[in-house]
Amino acid sequence: MHGLNVLLKKIIRSGTGRSRYMMAMTGLSFAIILMLTAVQLQADYRDLLYSKNNRDSVANFLVINKTITDQNLGATGLTESEIKDLQNQAYVESVGLLTPSRFKASIQSASDRFPFYTDIAFESVPKEFIDITAKDWTWNENAMFIPIIAPNMFLDFYNFQFSFSQNLPQLTQQVVKMIVFKVNVYGPKGMVTFNGRVVGFSDRISSLLVPEEFMNWGNTIFGKKQDLKPSRVIIKTRDAGNPQLTAYLKGKNLSTDADKTRFSKYRRVVDIVVSISGVTGIILFSFALLVFTLFIQLTVASSREDIRLLITLGTSPSQLRGFLFLRFLPGTLVIILLSFCMVGIIQFLLYTQLTNQGIFLSRLPDITTVLAALLIAGVIWMVTGFSIKKCMKEPLELRGA
Amino acid sequence: MKILLDHIIPTPLKDRFSQNGSAIWNTSVQFTQGEYIKIKAPSGTGKTTLVHILYQIRHDYEGKIVLDDRPATAITGDALALLRQKQVSIIFQDLRLFPQLTARENIELKRVMQQPFYESSVIHEMAAELGIEKILDQEAGLCSYGEQQRIAIIRSLMQPFEWLIMDEPFSHLDIENTKKAAALIARECRKRDAGFIITDLDEDSHFTYSRQLHL
């Protein structure tokens, strides 16, 4: 078979179409690089969003409330159906209700050495939405103190503004966690005092959080109004930058921390770039394939007489098809391999560049890129086979001459 | 392989072939493997047409051809190629070499088209026997008709076959070279227990024919 193919190669020449072949191959290379790059970029972006290295815990939890306008002042509660609708969105993994305290409260220092007093309100949220794993994050009536999670920015505000203006010492998180203070809760039957302690600091929710057990108990015993609609919810999402989420919130007149969703703008830009690259790649690929099949047809047509004589002498159609397949396919496979290597090099360069900036990408092309390359190989395989079969049909029907 | 010709009439000859005396056209005739068949006829009576019909590159005829028990028309594609690679070999009157290939490559092509019947050294031996060993590496298109005819003869002998079909195979050869070629063909047919069908214009004694038929 090898000897036969060597002779067939001398007989079925394609010298006249050499430039077309080079054109098709160049087009094919660019097209495949574009398509694989699009797939790889998408994979990189996914990687940035979901991989553990890059995961920004803040970005994945959003506190959502109604945008306050002149029209809805005092009626910013979220209805059950609104919450349910939010829960049903594909990009929302779970929704937690933020329960506000419906009683008056204040905190004050336990000792006079470090005096402070302020009125305060609390919120509570289901445990799974809290980014602090404090073992004391629970409460019952016999508890020694009420654990509290404070927003980081409260401490920043104290350390960098308040302490200067009041001539007070700056405090570290560790020091704050050691301070036990009084929590006064005012109910219809008077004031009840508890001990309170900050057990952690969070960036996720910008309010003082207490365990749900305390909140439910407090609201029952001291609450002024019952069955109030929740005004804020916290959602867990896989991608806070999802443009669909941003559009949904906007459409429903809901707002959240814009800083967390700003990524959606970049996401849209990335999506557009990836789409343009992908679509251009597919169009270029289609044209390159067309030129490639024309080249196959041209080769067969220009060797039509020789192919007929070969068949007359006894060369089988499958031998000829096999030869043509071997003639055309390896070139395209090499092109795919080279294009894949090129995408691999680009990925490695991206990896080294971005690692310096603290963004961690895989140094190797993603598995989806490998699959895309295999898919492209499959498409070329099929098109080549189909094209050879089609253009060989006529000489074969002649059974030689 | 038995070849049965059952009332074959080529369409182009339909109106002008002689109804009287043809041992092939419009009659039933069977060739048994191992027979040496000579078909003699003057020019224009359809010798080449018959060869092409037998080799199945012409289909414009009435009647039917049966190879063993298979109708020839049912053999197509890879099966037809297999028949041409292993059971039926041919020497065309118009030789049909690839002019861009050397003489050796033309012969080699038929050797490697299927599981080789002979080692490649046999090419040189046969070429030496027919006196063309010196032009083996010359492009076939540059060889004389006599040389090309001997290349075509050797090419036909490179494969296994049960029948060798020859269409005026010595038309460009002198008496001496014809004798050598005929001896080689006879020897190769014996080696394979094969028969042949040869067409020619005149009487000859190149072979010991089993049958001589007039077209």
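Since the model is a prediction, treat every value here as computed from it, not as a measurement.

Parameters at a glance
- Residues numbered from 1 in each chain as written.
- Chains lettered and ligands numbered in written order.
- Predicted model: local features only at pLDDT ≥ 70, side-chain atom pairs only at ≥ 80, totals over all residues.
- Helix = DSSP H or I, 4+ residues; strand = E, 2+ residues; numbered from the N terminus.
- Buried ≥ 20, exposed ≤ 12 C-beta atoms within 10 Å, placed from the backbone.
- Contact = placed C-beta atoms within 7 Å.
- Nonpolar A, V, L, I, M, F, W, Y, C, P; charged D, E, K, R; others polar.
- Pairing = 2+ DSSP bridges.
- Axes fitted to C-alpha atoms, helices over the stretch in contact; angles between N-to-C directions.
- Arc of directions from axis to C-beta.
- Expected span 1.5 Å × (residues − 1).
- Bend = angle between axes of the 7 residues up to and from the residue.
- Core = buried A, V, L, I, M, F, W, Y, C linked by C-beta atoms within 7 Å.
- pLDDT = per-residue confidence, 0-100.
- Parallel < 35°, antiparallel > 145°, perpendicular 65-115°, else oblique.
- Left-handed = near helix turned anticlockwise from the far one by under 90°.

Draft legend 1. A look at the overall build of chain B. Scanning chain B for helices and strands turns up six helices and nine strands. Looking at chain B as a whole, 44% of its 215 residues are labelled buried. In chain B, of all internal contacts separated by at least 6 residues, the share reaching a separation of at least 24 is 80%.

Draft legend 2. Layout of the overall build of chain A. Along the backbone of chain A there are twelve helices and ten strands. By the burial criterion, 31% of the 401 residues in chain A qualify as buried. At a minimum sequence separation of 6, the contacts of chain A that also span at least 24 residues come to 80%.

Draft legend 3. Here's a closer look at the interface of chain A and chain B. Chain A puts 18 residues into the contact, and the matching count from chain B is 20 residues. Among the elements of the structure, α1 (2-11), α10 (304-313) and α11 (317-355) of chain A are those that each provide at least two residues to the side of chain A that touches chain B. It is α1(A) that provides the largest number of residues to the side of chain A that touches chain B, a total of five residues. Of the residues that constitute the side of chain A that touches chain B, the class distribution is eight nonpolar, seven polar and three charged.

Draft legend 4. Representation of the environment of B:Asp78 within the structure. For B:Asp78, the position within the fold is in helix α2 (residues 77-86). Contact partners of B:Asp78, with chain neighbours within four places excluded, come to A:Ser316, A:Pro317 and A:Ser318.

Draft legend 5. The arrangement of unusual backbone geometry in detail. One non-glycine residue with positive phi stands out, namely B:His7, at about 50 degrees. In this fold, B:His7 is placed in strand β1 (residues 3-10).

Draft legend 6. Structural view of the sheet that holds strand β3 (residues 36-40) of chain B. Residues and elements named next belong to chain B. Read across the open sheet, the five strands follow the order β6-β7-β8-β3-β9; overall the sheet is parallel. A strand with exactly one partner marks an edge of an open sheet, and here the two such strands are β6 (88-91) and β9 (211-214). This sheet shows a mean twist of 15 degrees between the axes of neighbouring strands, independent of strand direction. Here β6 runs beside strand β7 (residues 163-167); their pairing, made up of four bridges, is parallel. Bridge pairing in β7 links Ile 90 to Ile 165.

Draft legend 7. Geometry of helix α4 (residues 121-130) of chain B. All names here are of chain B. Every buried residue of α4 is accounted for by Ile 123, Met 126, Ala 127 and Leu 130. One face of α4 carries all of its buried residues, which in axial projection span an arc of 100 degrees. Along α4, the residues that are exposed and aim more than 90 degrees away from the buried face are Ser 121 and Ala 128. Count one or two residues on from α4 and you reach Gly 131, which has phi positive near 75 degrees.

Draft legend 8. Broad picture of the pairing of strand β1 (residues 61-66) of chain A. Residues and elements named next belong to chain A. The pairing of β1 with strand β9 (residues 232-237) spans five bridges and is antiparallel. The residue bridging Leu 62 from the neighbouring strand is Ile 235, located in β9. One ladder, built from two bridges, connects β1 with strand β10 (residues 254-255); its direction is antiparallel. By the bridge assignment, Lys 66 is partnered in β10 with Leu 254.

Draft legend 9. Representation of α11(A) in the model. Residues and elements named next belong to chain A. Given a rise of 1.5 Å per residue, 39 residues ought to cover 57 Å, and the 55 Å separating the end C-alpha atoms of α11 matches this to within 8%. Maximum bend of α11: about 25 degrees, positioned at Leu 329, with proline Pro 330 one to four residues after it. If you check which residues of α11 are buried, you get Pro 317, Gln 319, Leu 320, Phe 323, Leu 324, Phe 328, Thr 332, Ile 335, Ser 339, Phe 340, Val 343 and Gln 347.

Draft legend 10. Main features of the sheet that holds strand β6 (residues 146-151) of chain A. All names here are of chain A. The sheet built from five strands is open, its strands ordered β4-β3-β7-β8-β6 with mixed pairing. Unpaired on one side and paired on the other, β4 (117-120) and β6 mark the two borders of the sheet. On average, each strand axis in the sheet is tilted by 35 degrees relative to the strand beside it, whichever way the strands run. Taken together, the six bridges between strand β3 (residues 104-109) and strand β7 (residues 180-187) define a ladder with antiparallel strand orientation.

Draft legend 11. Representation of the nonpolar core in the model. Membership of the largest hydrophobic core comes to 60 residues, with the highest contact counts inside it found for B:Ile151, B:Ile154, B:Trp163, B:Leu164, B:Ile165, B:Phe196 and B:Ile197. Membership of the second largest hydrophobic core comes to 40 residues, among which are A:Leu4, A:Leu320, A:Ile376 and A:Cys391.

Draft legend 12. Structural context of the environment of A:Leu8. Relative to the elements of secondary structure, A:Leu8 occurs in helix α1. Each C-alpha atom, one on A:Leu8 and one on A:Leu324, is 9.2 Å from the other, the two residues being 316 residues apart in sequence.

Draft legend 13. Summary view of the confidence of the model for chain A. The predicted model of chain A averages 84 in pLDDT, with 91% of residues at 70 or higher. When pLDDT is averaged over each helix and strand of chain A, the minimum, 68, is found for helix α8 (residues 258-261) of chain A and the maximum, 92, for α10(A).

Draft legend 14. Fine view of the packing of helix α3 (residues 103-112) of chain B against helix α5 (residues 145-156) of chain B. Residues and elements named next belong to chain B. Viewed as axis vectors pointing N to C, α3 and α5 meet at an angle of 25 degrees, and their least axial separation amounts to 8 Å. By the angle between their directions, the pair α3 and α5 is classed as roughly parallel. Here α3 and α5 pass one another in a crossing that is right-handed. Residues Ala 103, Asn 106, Ile 107 and Lys 110 of α3 touch α5, and the partners they reach there are Ile 151, Ile 154 and Arg 155. Its residues placed into classes, the contact of α3 with α5 shows four nonpolar, one polar and two charged.

Draft legend 15. Representation of the pairing of β9(A) in the model. All names here are of chain A. Counting buried positions along β9 yields five of six residues, so the element is predominantly enclosed. Note that strand β2 (residues 92-100) and β9 share six bridges and pair antiparallel. Residue pairing for β9: Gly 96 is matched across the bridge by Ile 234.

Draft legend 16. The environment of A:Gly344, seen in detail. All names here are of chain A. Counting through the fold element by element, Gly 344 comes out in helix α11. Between the C-alpha atoms of Gly 344 and Leu 36, which are 308 residues apart in sequence, the distance is 9.7 Å. Excluding residues that lie within four positions of it along the chain, Gly 344 makes contacts with Leu 364 and Pro 365.

Draft legend 17. Looking closely at the confidence of the model for chain B. All names here are of chain B. On average, residues of chain B score 92 in pLDDT, and 98% of them are at 70 or above. The secondary-structure element of chain B with the lowest mean pLDDT is β9, recorded at 91, while α5 shows the highest, at 97. The ipTM for the predicted assembly is 0.94, set against a pTM of 0.67.

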